[in-house]
Amino acid sequence: MQIVNILFIIGFCRVTLADNSCIFQHSTKGVINLKSIGLRNGQPRFRDLSTRSPSYYTYSFNPCYPFTENDCDDAAVCQLSSDRQDSFKLGTQNISTWSLDTNMAPVLTYTYGSKTVSITMICSAIDQDEFEIVGEYALNQYSMRLRSRCACWNGCIRPQSSTITSRTSSPPLPTTTAHSIYYNACKYHDSRYGTIDLSSIGSVTGRAIFKDVKSIYTDSFVWSYNPCYNFSEHHCHGVAGCQIDTNRSTSYSIGLQEYAYWINMDNTRNLVRSIVYPSPSSNRRLSVQLICDQSISSHRLQVIGETSLREYAMVLTSPCACWNGCSQPAPSPSSFTWDFWMTVCAAGIVLFLLFLIMISCLFCSKPKRNYHNMSINESTPIIHGSKAYRG
């Protein structure tokens with residue numbers, strides 16, 4: 001039954017539910033309201049941002065309200081060359097749609113001619129709203145992410161106008177909830193529920209804790225996954241997840257730790273908590289669903305496989321997937337470094353002792369000089385030069 005529910009969620013199609021770039025209203029989840037983020041002075045809220053990897057282009061975005069920058073008139077999203085000689089309008093506020101992706105995350109999509117921009121909403125209670133440019137993953141297809149409390153369901157019910165322009169992000173806006181949320185690739189903390197911490201599961205050795213796991217369906221691949229820490233295997237270097245064919249001739253990075261984000265963390269019924277690992281360079285994405293089970297002492301990984309083109313799913317069952325399930329200190333890379341230096345010190349002491357033993361043996365085996373006893377007879381003359389002296 002669990003697998004059926006998982007496949008139902010994964011197979012949820014991208015359905016357009018609203019046509020307002022400011023507000024997305026869902027019948028059961030609530031409302032996404034971006035009005036308090038957008039600027040109303042004709043300037044972009046997020047200006048001239050670039051991808052993490054070097055790029056010739058920068059991007060500007062303003063939620064809800066149009067802006068003008070260079071040749072981008074009345075734009076929602078604008079692409080500019082680094083020398084600012086060229087600019088291209090990627091979207092307008094009056095042509096936009098909302099939908100849910102396969103991870104049930106809200107997505108705002110702008111279409112302008114042949115260009116399409118998809119902006120995934122990432123629920124977060126960070127002090128400053130953040131806008132991330134993932135990049136152009138296919139010709140005229142752009143992916144971006146908005147991290148904000150307003151990206152949460154019912155996070156910004158009552159909008160407040162914003163008039164401040166910032167290059168990267170805005171000053172803190174008044175929060176509508178008292179609880180706090182923070183997360184990284186290892187843990188997710190919500191002051192209402194507690195902490196989910198996966199750091200004690202992951203291996204810090206550079207190898208995957210779950211290595212070459214087969215899918216529940218027959219295919220020609222095996223899969224490796226390591227929570228929290230990067231690992232390398234075959235052609236996958238510094239990754240969270242790797243797909244390898246059984247002949248070990250081909251492998252693909254399917255997720256990276258540095259892009260990880262969490263979804264369905266608000267204890268909503270019938271939604272499975274998950275951590276998502278995009279891999280922008282290969283345009284792949286791994287979703288690991290977290291199943292809380294405090295009755296087991298180990299951790300189990302079930303690989304669903306490729307659920308749609310370049311979309312991958314796994315299920316991690318563990319007590320660490322429960323709120324406050326794993327509160328013990330997590331292993332850290334420093335422990336590995338400490339063991340390494342302990343080994344080096346022990347080897348140094350052994351070499352020093354061997355050196356002392358060798359020195360001792362050399363002294364013990366050194367031949368002694370024999371001195372002949374000489375007796376002097378007083379009657380024997382002592383010769384000085386060629387003359388003899390007699391007393």
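Further up the page is the structure itself.
Note that this is a predicted model, so its numbers are computed, not measured.

Trainee: Tell me what's going on with the overall build of the protein, and back it up with residues and numbers.
Mentor: In terms of helices and strands, the protein carries two helices and 29 strands. Every one of the 391 residues in the protein was classed for burial, and the buried ones make up 48%. For the protein, restricting intrachain contacts to residue pairs at least 6 apart in sequence, the fraction spanning at least 24 positions comes to 53%.

Trainee: Outline the pattern of salt bridges, supporting the account with residue identities and numerical values.
Mentor: Evaluation of the coordinates by the stated rule reveals 14 salt bridges. For Glu-132, the salt bridge goes to Arg-145, with nearest N and O atoms at 3.1 Å. Taken together, the residues Glu-132 in strand 12 (residues 130–138) and Arg-145 in strand 13 (residues 141–148) connect sequence positions 13 residues apart. Between Arg-147 and Glu-132 there is a salt bridge, with the nearest N and O atoms lying 2.7 Å from each other. Residue Arg-147 is located in strand 13, and its partner Glu-132 is located in strand 12; the two are separated by 15 residues in the primary sequence. Summarising the burial analysis for this pair, Arg-147 and Glu-132 share the class buried. Among the charged side chains, a network of salt bridges with common partners joins Arg-47, Asp-48, Glu-69 and Arg-84.

Trainee: Lay out a negative patch on the surface with the relevant residues and their values.
Mentor: There is a patch of like negative charges on the surface, built from Asp-71, Asp-73, Asp-74, Asp-83 and Asp-86. Along the chain, Asp-86 turns up in the loop between strand 7 (77–81) and strand 8 (87–91).

Trainee: So, the nonpolar core: which residues are in play, and what are the values?
Mentor: Formed by 34 residues in total, the largest nonpolar core has its most connected members in Leu-198, Tyr-225, Trp-262, Ile-275, Val-288, Leu-290 and Met-314. Residue assignment for this core shows that the elements contributing at least two residues are strand 14 (181–183), strand 17 (210–214), strand 18 (221–225), strand 23 (261–263), strand 24 (274–279), strand 25 (284–292), strand 26 (300–308) and strand 27 (311–318). Listed in part, the 29 residues of the second largest apolar core include Met-121, Phe-131, Cys-150 and Leu-271.

Trainee: Explain the side chain of Thr-116 to me, using residue names and the numbers behind them.
Mentor: Tracing the backbone through its elements, the reader meets Thr-116 in strand 11 (residues 115–123). The exposure class assigned to Thr-116 is buried, which follows from its relative accessible area of 16%. Leaving out residues up to four positions away in the same chain, Thr-116 has contacts with Thr-109, Tyr-110, Thr-111, Asn-140, Gln-141 and Tyr-142.

Trainee: Could you give me a rundown of the packing of aromatic side chains, with the residues and numbers involved?
Mentor: Taken as a whole, this structure holds 17 aromatic pairs when the rule is applied. Seen in terms of ring centroids, Phe-24 and Trp-98 are 5.0 Å apart; in terms of plane orientation they differ by 15°. Their pairing is stacked. You can see Phe-24 sitting in strand 1 (residues 23–26) and its partner Trp-98 sitting in strand 9 (residues 96–100), a full 74 residues away along the chain. The pair formed by Phe-24 and Trp-98 is uniform in burial state, with each residue classed as buried. With 5.7 Å between their ring centres and 55° between their planes, Trp-223 and Tyr-312 make a pair best called tilted. Residue Trp-223 is located in strand 18, and its partner Tyr-312 is located in strand 27; the two are separated by 89 residues in the primary sequence. In terms of burial, Trp-223 and Tyr-312 fall into one category: buried. Connected via pairs of aromatic rings, a cluster forms that spans Tyr-183, Tyr-188, Tyr-193, Trp-262 and Trp-323.

Calculation criteria
- Residues numbered from 1 in each chain as written.
- Predicted model: local features only at pLDDT ≥ 70, side-chain atom pairs only at ≥ 80, totals over all residues.
- Heavy atoms only, no water.
- Helix = DSSP H or I, 4+ residues; strand = E, 2+ residues; numbered from the N terminus.
- Buried < 20%, exposed > 50% of the residue type's maximum accessible area, 1.4 Å probe, protein only.
- Contact = heavy atoms within 4.5 Å.
- Salt bridge = Lys/Arg side-chain N within 4 Å of Asp/Glu carboxyl O.
- Patch = residues over 30% accessible without salt bridge, like charges linked within 9 Å, V, L, I, M, F, W, Y side chains within 5 Å.
- Areas by Shrake-Rupley, 256 points an atom, 1.4 Å probe, with all protein chains shown as cover.
- Lys, Arg positive; Asp, Glu negative; His and termini not counted.
- Charge placed at Lys NZ, Arg CZ, Asp CG, Glu CD.
- Core = buried A, V, L, I, M, F, W, Y, C linked by side-chain atoms within 4.5 Å.
- Phe/Tyr/Trp six-rings, centres within 6.5 Å; stacked < 30°, edge-to-face > 60°.

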